[in-house]
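Read off the chains here:
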Amino acid sequence: MAKQPKRIQAWTGDREAAHAVADAIALVKANAKAKFDESIEISVNLGVDPRHADQQVRGVVNLPSGTGRDVRVAVFAKDAKAAEATAAGAEHVGAEDLYEKIAGGFMDFDRVIATPDMMALVGRLGKVLGPRGLMPNPKVGTVTPNVGQAVKDAKGGAVEFRVEKAGIVHAGIGKVSFTDEALLLNVKAMVDALNKAKPAGAKGIYVKRVGLSSTMGPGFKIDVASINA
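On to the overall build of the protein chain. Within the protein chain, the regular secondary structure consists of nine helices and 10 strands. A compact globule built from 229 residues would reach a C-alpha radius of gyration of about 17 Å, and the protein chain, at 19 Å, matches this within 12%. Taking contacts inside the protein chain between residues at least 6 apart in sequence as the whole, the part at least 24 apart equals 73%. Summed over its atoms, the accessible surface of the protein chain is roughly 11800 Å², and 52% of this surface lies on carbon and sulfur atoms. If you average the places of the 31 positive and of the 25 negative side-chain charges in the protein chain, the two averages end up 5 Å apart.

Have a look at this one:
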């Protein structure tokens, strides 16, 4: 069997036990040894079957401590709304011109926002934006006439979440450089948002398992009960 890399051999902590959320955060940070500020991701296994329409879980949460990421925003808008988006800090703003750029392969952005009147145009980019999870959607506030606020939210800590086929939600909730308290607030906000988004068709235990990991580090399980303690 191949020898494990030294960074893996140096990992500490019990990866099988379920830890109190504060302890899990401390373990993730202690094992983040990369030379860059690693992102921290939460993984939540939900008791849903996304194949059924009444068990979809999707939404957006404003993380109180932010994400630590520089979110690049593209906005489809015209005239006064375009000016509003630009003033709010959007990197790319346009209509037909932005459509042509994206159709031609331009993808230098992390979030797409559109005014309702632009969706007929944006819809033609479905095959490009959809698979990347970038298609604007009114359910998560990315199709809105209030583009200025949407841009500010995106840059200030708004995180979209959507359950995957296996019933798991993955989301970035900060950086290793965040304080433990800041990460704790973000974890609680994310789980609270998932609980509020519980679909009517979900039966039995809804939040089944929660884990935290950093970009290059190991994952640690969280005792679900400790999150709301």
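After that view, the rundown keeps rolling.
Another point: the sheet that holds strand S9 (residues 207-214). Within a sheet, each strand pairs with its neighbour through backbone hydrogen bonds, oriented either parallel or antiparallel. With respect to topology, five strands assemble into an open sheet ordered S1-S10-S9-S2-S8, the strand pairing being mixed. The sheet terminates laterally at strand S1 (18-19) and strand S8 (168-175), the two strands that pair on one side only. By the bridge criterion, seven bridges tie strand S2 (residues 39-46) to S9 in an arrangement that is antiparallel. Paired with isoleucine 40 across the two strands is serine 214, which belongs to S9. Sitting on the sheet, helix H8 (residues 180-196) touches S2, S8 and S9, and the angle it makes with S8 is about 155°.

Enumeration according to the criterion identifies 11 salt bridges in this entry. A salt bridge links lysine 78 to glutamate 96; the shortest N-O distance between them is 3.6 Å. One end of the pair, lysine 78, is in the loop between strand S4 (73-76) and helix H3 (79-88); the other, glutamate 96, is in helix H4 (residues 96-103), with 18 residues separating them in the sequence. The exposure class of lysine 78 is partly exposed, given its relative accessible area of 38%. Here glutamate 96 falls in the partly exposed class, since its relative accessible area comes to 44%. Residue lysine 81 pairs with glutamate 84 through a salt bridge whose shortest N-O separation is 3.5 Å. Residue lysine 81 and its partner glutamate 84 are both found in helix H3; the two are separated by three residues, about one turn of the helix. On the basis of relative accessibility, which here comes to 32%, the residue lysine 81 falls in the partly exposed class. By sharing partners, the salt bridges in this structure join Arg69, Arg72, Asp108 and Asp110 into a single network.

This part covers the environment of histidine 52. Within the secondary structure, histidine 52 sits in the loop between S2 and strand S3 (58-62). Since its relative accessible area comes to 41%, histidine 52 is described here as partly exposed. For the pair histidine 52 and alanine 85, spaced 33 residues apart in sequence, the C-alpha to C-alpha distance is 36 Å.

On to the pairing of S3. The side-chain alternation of S3 yields one buried face, formed by Gly59 and Val61, and one unburied face, formed by Arg58, Val60 and Asn62. Across five bridges, S3 lies against strand S7 (residues 158-162) in antiparallel orientation. If you follow asparagine 62 over to S7, its bridge partner there is alanine 158.

Bringing the sheet that holds strand S6 (residues 111-114) into the picture now. On the basis of which strands lie adjacent, the open sheet formed by three strands has the order S5-S4-S6 and parallel pairing. Each edge of the open sheet carries a strand with a single partner, namely strand S5 (92-94) and S6. Taken over all neighbouring pairs, the strand axes of this sheet differ in orientation by 15° on average, direction set aside. As judged from the four bridges shared by S4 and S6, these two strands associate in the parallel manner. Counted as the bridge partner of valine 73 is arginine 111 from S6. Helix-sheet contacts for H4 involve S4 and S5, and the interaxial angle to S5 is about 125°. Where helix H7 (residues 147-156) meets the sheet, its contacts fall on S4 and S6, and the angle it forms with S4 comes to roughly 165°.

Rules of the game
Residues numbered from 1 in each chain as written. Predicted model: local features only at pLDDT ≥ 70, side-chain atom pairs only at ≥ 80, totals over all residues. Heavy atoms only, no water. Helix = DSSP H or I, 4+ residues; strand = E, 2+ residues; numbered from the N terminus. Rg over C-alpha atoms; globule rule 2.2 N^0.38 Å. Contact = heavy atoms within 4.5 Å. Areas by Shrake-Rupley, 256 points an atom, 1.4 Å probe, with all protein chains shown as cover. Lys, Arg positive; Asp, Glu negative; His and termini not counted. Charge placed at Lys NZ, Arg CZ, Asp CG, Glu CD. Pairing = 2+ DSSP bridges. Axes fitted to C-alpha atoms, helices over the stretch in contact; angles between N-to-C directions. Salt bridge = Lys/Arg side-chain N within 4 Å of Asp/Glu carboxyl O. Buried < 20%, exposed > 50% of the residue type's maximum accessible area, 1.4 Å probe, protein only.

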